[in-house]
2 protein chains.
Amino acid sequence: MWRGSARVLQKNIRRNLVSRAVKGGLTALLLKTGQPFQYNVLLTGAAYSTKIQPKLTAESYPSILRNPNYKQLAADDVSFFKNVVGETGVLEASGSEDLALFNEDWMRKYKGQSKLVLRPKTTQQVAKILRYCNEKKLAVVPQGGNTGLVGGSVPVFDEIVLSLTQLNKVRSFDEVSGILKCDAGVILENADNFLADHGYIFPLDLGAKGSCHVGGVVATNAGGLRLLRYGSLHGTVLGLEVVLPNGEVLNTMNALRKDNTGYDLKQLFIGSEGTIGVITGVSILTPPRPKAFNVSFLGVESYEAVQEVFVQAKQELSEILSAFEFMDSKSQELTKLHLKDVAEPLTEKYPFYILIETSGSNKEHDDAKLEAFLEKTMESGLVLDGVVAQDETELRNLWQWREMIPESSQAGGGVYKYDVSLPLKDLYSLVEAANDKLSEKGLMDPEDATKPVISAVGYGHVGDGNLHLNVAVREYSKDVEKALEPFVYEFVSSKNGSISAEHGLGFQKKNYIGYSKSDQEIKMMKNLKDNYDPHHILNPYKFL
Amino acid sequence: MWRGSARVLQKNIRRNLVSRAVKGGLTALLLKTGQPFQYNVLLTGAAYSTKIQPKLTAESYPSILRNPNYKQLAADDVSFFKNVVGETGVLEASGSEDLALFNEDWMRKYKGQSKLVLRPKTTQQVAKILRYCNEKKLAVVPQGGNTGLVGGSVPVFDEIVLSLTQLNKVRSFDEVSGILKCDAGVILENADNFLADHGYIFPLDLGAKGSCHVGGVVATNAGGLRLLRYGSLHGTVLGLEVVLPNGEVLNTMNALRKDNTGYDLKQLFIGSEGTIGVITGVSILTPPRPKAFNVSFLGVESYEAVQEVFVQAKQELSEILSAFEFMDSKSQELTKLHLKDVAEPLTEKYPFYILIETSGSNKEHDDAKLEAFLEKTMESGLVLDGVVAQDETELRNLWQWREMIPESSQAGGGVYKYDVSLPLKDLYSLVEAANDKLSEKGLMDPEDATKPVISAVGYGHVGDGNLHLNVAVREYSKDVEKALEPFVYEFVSSKNGSISAEHGLGFQKKNYIGYSKSDQEIKMMKNLKDNYDPHHILNPYKFL
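Residues numbered from 1 in each chain as written. Chains lettered and ligands numbered in written order. Predicted model: local features only at pLDDT ≥ 70, side-chain atom pairs only at ≥ 80, totals over all residues. Heavy atoms only, no water.

Undergrad: Now, about the pairing of strand β12 (residues 321–328) of chain A: what can you tell me, with residues and values included?
TA: Residues and elements named next belong to chain A. When you tally the buried positions in β12, you get 8 out of 8 residues, the bulk of the element. Sheet topology note: the β12/strand β16 (residues 453–461) ladder contains 3 bridges and is antiparallel. Bridge pairing links E325 to H461 in β16. (Buried < 20%, exposed > 50% of the residue type's maximum accessible area, 1.4 Å probe, protein only. Helix = DSSP H or I, 4+ residues; strand = E, 2+ residues; numbered from the N terminus. Pairing = 2+ DSSP bridges.)

Undergrad: Go over the packing of aromatic side chains, please, and point to the residues and values.
TA: What the rule picks out here adds up to 48 aromatic pairs over all chains. A centroid spacing of 4.9 Å and a plane angle of 55° characterise the contact between Y263 of chain A and F543 of chain B, whose relative ring orientation is tilted. Taken together, the positions of Y263 of chain A in the loop between β9 (249–251) and β10 (278–285) and F543 of chain B in the segment after α17 (519–532) put the pair across two chains. The pair formed by Y263 of chain A and F543 of chain B is uniform in burial state, with each residue classed as buried. An aromatic cluster is built from Y303, F326, F352 and Y428 of chain A, whose rings are joined through pairwise contacts. (Phe/Tyr/Trp six-rings, centres within 6.5 Å; stacked < 30°, edge-to-face > 60°.)

Undergrad: Quick one: what's the story with the sheet that holds strand β3 (residues 116–118) of chain A, residue by residue and with numbers?
TA: Whenever strands of a sheet pair, they do so through backbone hydrogen bonds, lying parallel or antiparallel. All names here are of chain A. Strand order in the open sheet formed by 4 strands is β2-β3-β5-β4, and the pairing between neighbours is mixed. In this open sheet, the two edge strands, each paired with only one partner strand, are β2 (90–92) and β4 (140–143). Averaged over neighbouring strand pairs, the angle between their axes works out to 20° when direction is ignored. In the sheet, β3 pairs with strand β5 (residues 160–163) via 2 bridges, with the strands oriented parallel. Bridge assignment links V117 to a residue of β5, and that residue is V161. Relative to the sheet, helix α2 (residues 75–85) contacts β2, β3 and β5, its axis offset from that of β2 by approximately 150°. Together, β3, β4 and β5 form the strand contacts of helix α4 (residues 123–136), whose direction differs from that of β5 by roughly 160°. (Axes fitted to C-alpha atoms, helices over the stretch in contact; angles between N-to-C directions. Contact = heavy atoms within 4.5 Å.)

Undergrad: Outline helix α12 (residues 392–403) of chain B, listing residues and values.
TA: Residue and element names in this part refer to chain B. Between the first and last C-alpha of α12 there are 16 Å, a value that for 12 residues agrees with the 16 Å anticipated at 1.5 Å per step. Burial runs high along α12: 9 of the 12 residues are buried. Among the residues making up α12, those that are buried are E392, E394, L395, L398, W399, Q400, W401, R402 and E403. Sitting at the amino-terminal end of α12 is D391, which places a side-chain oxygen 3.1 Å from the backbone nitrogen of T393. (Expected span 1.5 Å × (residues − 1). Polar contact = N/O pair within 3.5 Å; in protein donor to acceptor, adjacent residues only side chain to side chain.)

Undergrad: Tell me about the interface of chain B and chain A, and please be specific about residues and values.
TA: How big an interface is tends to be stated in terms of the accessible area lost upon association of its parts. Contacts between the two partners involve 94 residues from chain B and, on the opposite side, 94 residues from chain A. Surface buried jointly by chain B and chain A totals about 7,400 Å² across both partners, of which 53% is contributed by carbon and sulfur atoms. When the buried area of chain B at its contact with chain A is split by residue, K258, N260 and Y263 of chain B rank highest and sum to 14% of it. There are 8 salt bridges connecting chain B and chain A. One salt bridge connects E502 of chain B with K258 of chain A, and the closest N-O pair in it is separated by 2.7 Å. Across the chain B-chain A interface, the total number found is 52 residue pairs in polar contact (both at pLDDT 80 or more). Listing elements by their share of the side of chain B that touches chain A, those giving two or more residues are α7 (227–230), α8 (233–236), β9 (249–251), α9 (303–316), α11 (363–379) and α17 of chain B. Take the side of chain B that touches chain A: its biggest share by element is 10 residues, from α17 of chain B. (Buried area = accessible area lost by both parts, 1.4 Å probe. Salt bridge = Lys/Arg side-chain N within 4 Å of Asp/Glu carboxyl O.)

Undergrad: Outline a negative patch on the surface, supporting the account with residue identities and numerical values.
TA: Residues and elements named next belong to chain A. Negative charge collects at one region of the surface, where E304, E308, E432, D436 and E440 lie side by side. Of all elements in the fold, only α9 (303–316) and α14 (429–440) reach the threshold of two or more residues within the negative patch. Broken down by element, the residue count for the negative patch peaks at 3 residues, all from α14. (Patch = residues over 30% accessible without salt bridge, like charges linked within 9 Å, V, L, I, M, F, W, Y side chains within 5 Å. Areas by Shrake-Rupley, 256 points an atom, 1.4 Å probe, with all protein chains shown as cover. Lys, Arg positive; Asp, Glu negative; His and termini not counted. Charge placed at Lys NZ, Arg CZ, Asp CG, Glu CD.)

Undergrad: Summarise the environment of I499 of chain A; cite the residues concerned and give the values.
TA: In this structure, I499 of chain A sits in the loop between α16 (487–494) and α17 (519–532). When the C-alpha positions of I499 of chain A and Y418 of chain A are compared, they lie 8.0 Å apart, and in sequence the two are 81 residues distant. Residues in contact with I499 of chain A, not counting those within four places in the same chain, are D419, V420, Y489, V492, K509, Y512, I513, Y515 and S516 of chain A together with T261 of chain B.

Undergrad: Can you tell me about the layout of surface pockets, naming the residues and giving the values?
TA: Residue and element names in this part refer to chain B. Considering only enclosed or pocket space, the second largest pocket measures out at about 340 Å³ in volume. In this structure, the second largest pocket is lined by 17 residues; those nearest its centre are L101, E104, W106, G145 and N146. Sorting elements by how many residues they give to the lining of the second largest pocket places helix α3 (residues 100–103) first, with 3 residues. Looking at side-chain class alone, the lining of the second largest pocket contains 5 nonpolar, 8 polar and 4 charged residues. (1 Å grid on protein atoms, 1.4 Å probe; cavity = no way out; pocket = protein on both sides within 12 Å on 5 of 7 lines; lining within 4 Å. Points joined across faces, edges and corners; volume = space filled by probe spheres on them. Nonpolar A, V, L, I, M, F, W, Y, C, P; charged D, E, K, R; others polar.)

Undergrad: Any chance you could break down the pattern of salt bridges for me, citing the residues and the numbers?
TA: Two side chains bearing opposite charge may form a pair once their charged atoms approach each other closely. All names here are of chain B. Scanning the model with the defined rule gives 50 salt bridges over all chains in all. With a shortest N-O distance of 2.9 Å, D192 and R289 are connected by a salt bridge. Here R289 lies in the loop between β10 (278–285) and β11 (292–300) and D192 lies in helix α5 (residues 188–196), a separation of 97 residues in the sequence. For the pair D192 and R289, one class covers both residues: buried. Salt-bridge contacts for E481 lead to K478; the nearest nitrogen and oxygen are separated by 3.3 Å. Note that E481 and K478 are positioned in helix α15 (residues 478–484) at a spacing of 3 residues, about one turn of the helix.

On their own, these measurements won't tell you what the molecule is for.
See below:
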């Protein structure tokens, strides 16, 4: 590992960063996303514990009642569905099938009571199902890979689960334009592996890639690890195939890179979390796969310095900058406790750390740009210390100091987690404010085991204005909850931030949208919902 | 100028490509866009002639009648508006003001009969105006820089012109994140110059930049010259301030790079051409300004070779590729006739030519990448010949062979123009089909002056799948029109293309949307229009 001043960099970092995630089921998922859990006032079990968590069943929400307008599932409904999708496409609770996998999210935080899972194989089958449900007023929850973090993809009561897993074919790929068309149920990693064989890359990556669906990431407008480089799905998705609640099919799959003929209808469904239509097909523009990656880990004096380094990185690294993450000192202290045997990247301690990743088409050029950037920022005194990964192992190790923060935050007992967007200048002020608040209330002491809070740490995607605030606790406590809520949401709201940067509203945040959206916006959203789904059969009890 | 094989490149190409456009009013506009005119079946005047064109007034459209539901403007209406925007904010046809500039588009193709122009200075004034117009059923046409190409920004009958020219302030710029917030009426070039001072660039550029408004390019979802590099406005626009027809204000200006709390309402207004709301403010993410530009001009054997070179350019030039344009041989023959004194880039003739532009943060690296790319593609025989500009003059000269095609196509008498999107593999087939059709009908001969058609040429933005088909004629003729229409639209439709890649529908193409959009899509669009603008007061007689 290179240290201290910019020197010639070796060139043996391998092509694909995917392997940097520690493999092994859930852990890989946790490490890769960096923010697997959401704070929920109702959940007081230890999020990372291996024992079964308390689940949020309907009984947990006494204020939410099953909407009596929805029909109860009957035998003739099931017969109808069997006619549409065949015997194998229907899973019944009464049968030998265990529906737990469909009723629970992967964190096992939320649990519904659906008695029926439908697994259509074609868009036409989805259309027939929805038309029927709309007529009969049967509530439906569309479900992709079920990897969401806000309880959006599992039933709350007895909604029928409409699983897209069987709609899983790549439809076409244009080697020249890079346009991929696929079914909604294609697993993201499969899509990306398919593209890798053709020299392209899926313009979005996230920890759940081995399970989540292409349609699901579009329905939730997932952010993930490549947003800084490739932008949001609103820009990269070219077309969608969507079944509307009434069974009509909106097909914009043939859309091209440029098409200015009317309102861009597909945009409404990107991030709609399955509440106004079921996405069955996705057309997306994919960029060429980068051939070279670099990772550098830096120490700086202040959050102001983090911002300055970010500006300089955008200027100097410009088109090859693919990640710019920051971590505060407390987050690294927690991580050090957890990563006992792993050598720290820097010998000295600094108030803030920065992880920079570059990716480009020419390793030599990328190395030279990074070297020049580091020389400049270190000579000016902006960057106090730094290392650059020399091989893939080092690269993975450096990423660990960022990616292990969530697990480390929780290791002392539990963690309250917030995932918010804030204007960059205000990004860290939430962490400072939360620290002040917890200190004021006498709730926090890293050394005193009688205090509930160990530490409140901040880190996140500077490039995206996305902060993760983790409050590491020895135990969950009503006092800590009261100190943090609605304080955090009010703080975010006062800075015109967003209470959900990338995870969506789902079930968890449906009551908090008012902190991010105006009454006018909420009115217009409800109007759209009523317009497209007048009987509210799609994904009820959520979103708005 | 470097010729034939890849050699060391000099480094004196200056920073800003803007200056490559030949300056001087309209001509600059024409040269820069490359596609300033649209074919219109009603327009038979010579498009580029300096004499006044036949205008398309209401009398030209006997099938379109003024909607009698709209109120006729009365004195008390004008009094109300004067109270809202002051005396100076109201221009009346009855006063000393000449409203021709507001009633006509810049091509002088379309001409309305508005008697009143309102120039509000604040969003609140816009809101008061629209609320009043909505109550009184006064029709309104929102107008930005009035540089559109499809007659979308001028009245058809007596609609009130709502000019955004006085809403022209930059509201804020964040040096760290690159987020620009400005009024809708800020001129694009002013916004870009402002950004240049801060080391950033507006993620969209087009020939009309000296006149068009930021709000206008968003309302029409303009494409322009930087789309290949920075993507569409659906990805870069972060928030909008929009006044709805009922006077309510939708404000999403505080939106951040990431915000997943509800439907992305602003997307509906991007490309809505002023039919469901008036954009008064724009928040947009701007990228760092590139420091280096290169331009190369290549000759290849076939359209298949064009596509292969494009794939290799994406792989090799990857993150620095900023334009990939192709031109067929006939387009260059026409251009040669026009650019008599300018030396041709290549000594030999080739069936197809390619113009490649790179832009990046390091000239040396960009030169090396381009050199390696050219060596590879020439050694393999894919590229037969090529030059690279050595300074800004050469760079500008090379661009001329692409940008002068529209003017050259028209120089022989007139031109029928189509701007379409097609799948890349089919992009050139439209030109071949049009040539076949015109030959079959005996309408075309470059040498025989008794034939109406000189040549049918094709060129365009390969990177965007955007073709320009120009049919150069000696004179406009019903026979040629009949040969081309609806043939061209049917051809585009059969290949699942778009009849308007980047110019929108406006007045010109409102009857052709069916060639690009399904009944289902059109139904959903009409539903949105009815929902947001139930009295249809905004920009009537257009779009749908």
